[in-house]
Amino acid sequence: MALRRARHGQATVILAMSVLAMVVLIAMMTNTGMLVNDRIRMQTAADLGTYAVAYSQAASMNDLAIKNQKIADVIKDCRRQLERGPAGGSWFGYPCDCRPTDPSANAIINSCKSRIDEAILNFAQAARYDETTARAVQAGHATAKANYAGVSATFFEDIPGSPTARGTFKTRWSTNVTGQSGTWETIAPYTQVTNIYLNYSVIVECTPNCAPLPYPLPSWPRSVKGWFYKTTDQPDIWAAGRVAGTPARRYLDVDFEPIIKDKGFFGASSTGGTDKLAAYAVAKPFDGSVGPTRGGWAQRTANVPGPRGTFLSHAIWYPKFAMSPTYRARLAGIQDTLVGSRNPARLIRDDAARVGLGGYDMSKFKH
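1. Quick look at the overall build of the protein chain
So, step 1. A tally of regular secondary structure across the protein chain gives five helices and 13 strands.
So, step 2. Burial statistics for the protein chain: of 367 residues in total, 45% are counted as buried.
So, step 3. Residue pairs at least 24 apart in sequence account for 76% of intrachain contacts in the protein chain once pairs closer than 6 positions are excluded.

2. Let's talk about helix α5 (residues 344-355)
So, step 1. Counted at 1.5 Å a residue, the expected span for α5 with its 12 residues is 16 Å, and the 16 Å between its end C-alpha atoms agrees.
So, step 2. Along α5, the residues classified as buried are Pro344, Ala345, Leu347, Ile348, Asp351 and Ala352. The buried residues of α5 occupy one face: seen down the axis, they fall within an arc of 170°.
So, step 3. Of the surrounding secondary structure, the elements contacted by the buried residues of α5 are β11 (239-245) and β12 (277-286).
So, step 4. Following α5 by one or two positions, glycine 356 adopts a phi angle in the positive range, close to 75°.

3. Looking at the state of the cysteines
So, step 1. Tallied over the entire structure, the rule returns one disulfide.
So, step 2. Each sulfur in the disulfide pair cysteine 78 and cysteine 112 lies 2.0 Å from the other. Every disulfide takes its handedness from the sign of the S-S torsion; for cysteine 78 and cysteine 112 that torsion is -115°, giving left-handed. Taken as a pair, cysteine 78 in helix α1 (residues 2-84) and cysteine 112 in helix α2 (residues 103-127) lie far apart in primary sequence, 34 residues in all.
So, step 3. Judged by its relative accessible area of 0%, cysteine 78 falls in the buried class.

4. A look at the confidence of the model for the protein chain
So, step 1. Mean pLDDT over the protein chain works out to 80, with 73% of the residues at or above the 70 mark.
So, step 2. Within the model, the stretch residues 262-268 combines pLDDT values under 50 with 24 contacts to residues more than four positions away or in other chains.
So, step 3. Contacts from residues 363-367, a stretch scored under 50 in pLDDT, to residues over four places away or in other chains number 16 contacts.

5. What about the sheet that holds β11?
So, step 1. Pairing is antiparallel across the open sheet formed by four strands, whose spatial order is β2-β11-β12-β13. Unpaired on one side and paired on the other, β2 (152-154) and β13 (328-332) mark the two borders of the sheet. Neighbouring strand axes in the sheet, compared pairwise and without regard to direction, differ in orientation by 25° on average.
So, step 2. Pairing of β2 with β11, which is carried by three bridges, proceeds in the antiparallel orientation. Bridging across to β11, alanine 153 finds its partner in valine 243.

6. Section: the side chain of threonine 301
So, step 1. On the secondary structure map, threonine 301 appears in helix α4 (residues 297-301).
So, step 2. Within the local environment of threonine 301, its side chain forms a polar contact with the backbone oxygen of tryptophan 297, the two atoms lying 2.8 Å apart.
So, step 3. Reaching out from threonine 301, the side chain makes a polar contact with the side chain of asparagine 303 at a distance of 3.1 Å.
So, step 4. Look past the residues within four positions of threonine 301 in its chain and what remains in contact with it is Arg79, Val193, Asn195, Ile196 and Trp227.

What counts and how
Residues numbered from 1 in each chain as written. Predicted model: local features only at pLDDT ≥ 70, side-chain atom pairs only at ≥ 80, totals over all residues. Heavy atoms only, no water. Helix = DSSP H or I, 4+ residues; strand = E, 2+ residues; numbered from the N terminus. Buried < 20%, exposed > 50% of the residue type's maximum accessible area, 1.4 Å probe, protein only. Contact = heavy atoms within 4.5 Å. Expected span 1.5 Å × (residues − 1). Arc of directions from axis to C-beta. Disulfide = S-S within 2.5 Å. pLDDT = per-residue confidence, 0-100. Pairing = 2+ DSSP bridges. Axes fitted to C-alpha atoms, helices over the stretch in contact; angles between N-to-C directions. Polar contact = N/O pair within 3.5 Å; in protein donor to acceptor, adjacent residues only side chain to side chain.

Put into structure tokens, the structure is as follows:
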């Protein structure tokens, strides 16, 4: 009987230990599950917030492509008017001299310059940092917080050289008539084409000062300032983002101890401390075109001469001269080749070091 009681007591102890082990295991599984869920939510907030930045950037780039095309359309229309002329594509020049011009044709050019200037100003205003990148960053912050309350988000707008920082990209622009000009912080690096030719052919009349000519002469080209192109072949701009914070829920094993500076066995404390969950993401708008791709002089200026020395209106559509509002956003990896004075990998590593968030898994950026 005593032996049976002893065995019964041992079974009770074993059962109790088994139940305790199961409780601890379930607690650990629950704790780990909560942490994994929070990490997933944090990464999702980072992805969505950064994607929101890129999406807003893509919308801005599409708008700029349309406004830049408007500059080209005005110049195309001006060339078309100058090509026609009242004499089968040639204007009557008077007075006859070494630089024949026609007052009517010159009036068209002067009117065109004002129209071109209006289009230039529309583009320059729309490309400004405050109108593009600043709004994109605001959208990113709002999206990140909407998807995970209580987190802090940054898109490195405070780090010089980041594509979302002020001053990383600048554009100089100027007009034809008023001489207005400026160098503004912009969403991407642009260069303005300033030597686009408007000209026409002139039939020189026989006057006492000139011998009759059986063929038209080209007028001297009028060089105007016009559209913009990106200073790199790479069409991408990009945004990197970090979302960090301590989840509001209390983990089963975590109760911050200021004396021993307990950071929580599973990586975060809901009651204090410096530890945080953090997630990074990279996104980019791509596949559009704001201006002509980098190439030769004729490619950038569309100065392709036609008959009688004029620069034809169809030269605006010189091969590969495209302004395509087809930018769209996608999540990207830090291994992507992206525009910016600091690439994503370096930017994220430097940021992690400055805020003490080391040891993150680089594989998460390989979307």
